[in-house]
Amino acid sequence: MIDAVHEILRIFKHNPKIELQPNTPTGPLNRVAENSLAKKLMGREPKVMFKDGLRKTIDWHVASKKQEEVAAKLEGMLTER
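Residues numbered from 1 in each chain as written. Predicted model: local features only at pLDDT ≥ 70, side-chain atom pairs only at ≥ 80, totals over all residues. Heavy atoms only, no water.

## Here's the deal with the overall build of the protein chain
Note the following rule: Starting at the N terminus, helices and strands are each numbered in turn, a helix being any DSSP run of H or I of at least four residues and a strand any DSSP run of E of at least two. Computed with the Shrake-Rupley method and a 1.4 Å probe, the accessible areas treat only the protein chains shown as cover for residues.
Assigned secondary structure in the protein chain consists of 4 helices and 0 strands. Ordered by position in the sequence, the α and β elements of the protein chain form the string α-α-α-α. As displayed, the protein chain offers around 7,800 Å² of accessible surface, 57% of which is attributable to carbon and sulfur atoms.

Here it is, written out as structure tokens:
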């Protein structure tokens, strides 16, 4: 997850201070995508690298929204907790 956060922040050229809180509940300990079962059962595997797919998703989202709304929402999501 932290790699995805860093990539999103890099794309938006935003550099907030990130404070990890390892002593708080986080849910499952392993959140790494593992695709071998999908490949074995369905013969499918990713065709797009994560960073490329993330970038395409962000570009689509930004293009479909007003820039000010996206920036305001991102700011709120990054600072609220």
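## Points about helix α4 (residues 67-79)
Owing to its 3.6 residues per turn, the α-helix aligns residues three or four sequence positions apart on the same side. Quick note on the threshold: Here the expected span of a helix is defined as 1.5 Å times the quantity of residues minus one. Relative accessibility thresholds used throughout: buried, under 20% of the residue-type maximum; exposed, over 50%; partly exposed, between the two (1.4 Å probe, protein chains only). By construction, the arc corresponds to the directions joining the helix axis to the C-beta atoms.
For α4, spanning 13 residues, the distance from its first C-alpha to its last is 18 Å, which sits close to the expected 18 Å at 1.5 Å a residue. Of the positions making up α4, those classed as buried are Val70, Leu74 and Gly76. End-on view of α4: buried residues confined to an arc of 165°, all on one side of the axis. Away from its buried face by more than 90 degrees, α4 exposes Glu68 and Thr79.

## Some remarks on the pattern of salt bridges
The cut-off we apply is this: Each reported salt bridge corresponds to a side-chain nitrogen of Lys or Arg within 4 Å of a carboxyl oxygen of Asp or Glu.
Overall, the coordinates contain 5 salt bridges when judged by the stated rule. A salt bridge links Glu7 to Arg10, with the nearest nitrogen and oxygen atoms 2.6 Å apart. Here Glu7 and its partner Arg10 are both found in helix α1 (residues 2-11), 3 residues apart, which amounts to about one turn of the helix. Owing to a relative accessible area of 7%, Glu7 belongs among the buried residues under this scheme. In this structure, Asp59 engages Arg55 in a salt bridge whose closest nitrogen and oxygen atoms are separated by 3.0 Å. With Asp59 and Arg55 both in helix α3 (residues 50-63) and 4 residues apart, the pair spans about one turn of that helix. A residue is classified by how much of its surface remains accessible, and Arg55, at 37% relative accessible area, is partly exposed. What you see here is one network of salt bridges that share partners, running through Glu7, Arg10 and Lys51.

## Some remarks on the side chain of Glu7
Put simply, the rule is: N or O atoms within 3.5 Å of each other form a polar contact, as long as, within protein, one can give a hydrogen and the other can take it, and as long as residues adjacent in sequence are counted only when both atoms are side-chain atoms. The contact criterion used is simple: two residues touch if any of their non-hydrogen atoms lie within 4.5 Å.
A distance of 2.6 Å separates polar atoms of two side chains, one belonging to Glu7 and the other to Arg10. Leaving out residues up to four positions away in the same chain, Glu7 has contacts with Lys51 and Leu54.

## Focus: α1
Of the residues making up α1, those classed as buried are Ala4, Glu7, Leu9 and Ile11. Along its buried surface, α1 packs onto α3 and α4. Taken from the residues just after α1, Lys13 is the one with a positive phi, measuring 55°.

Worth remembering: the numbers are spatial, not functional.
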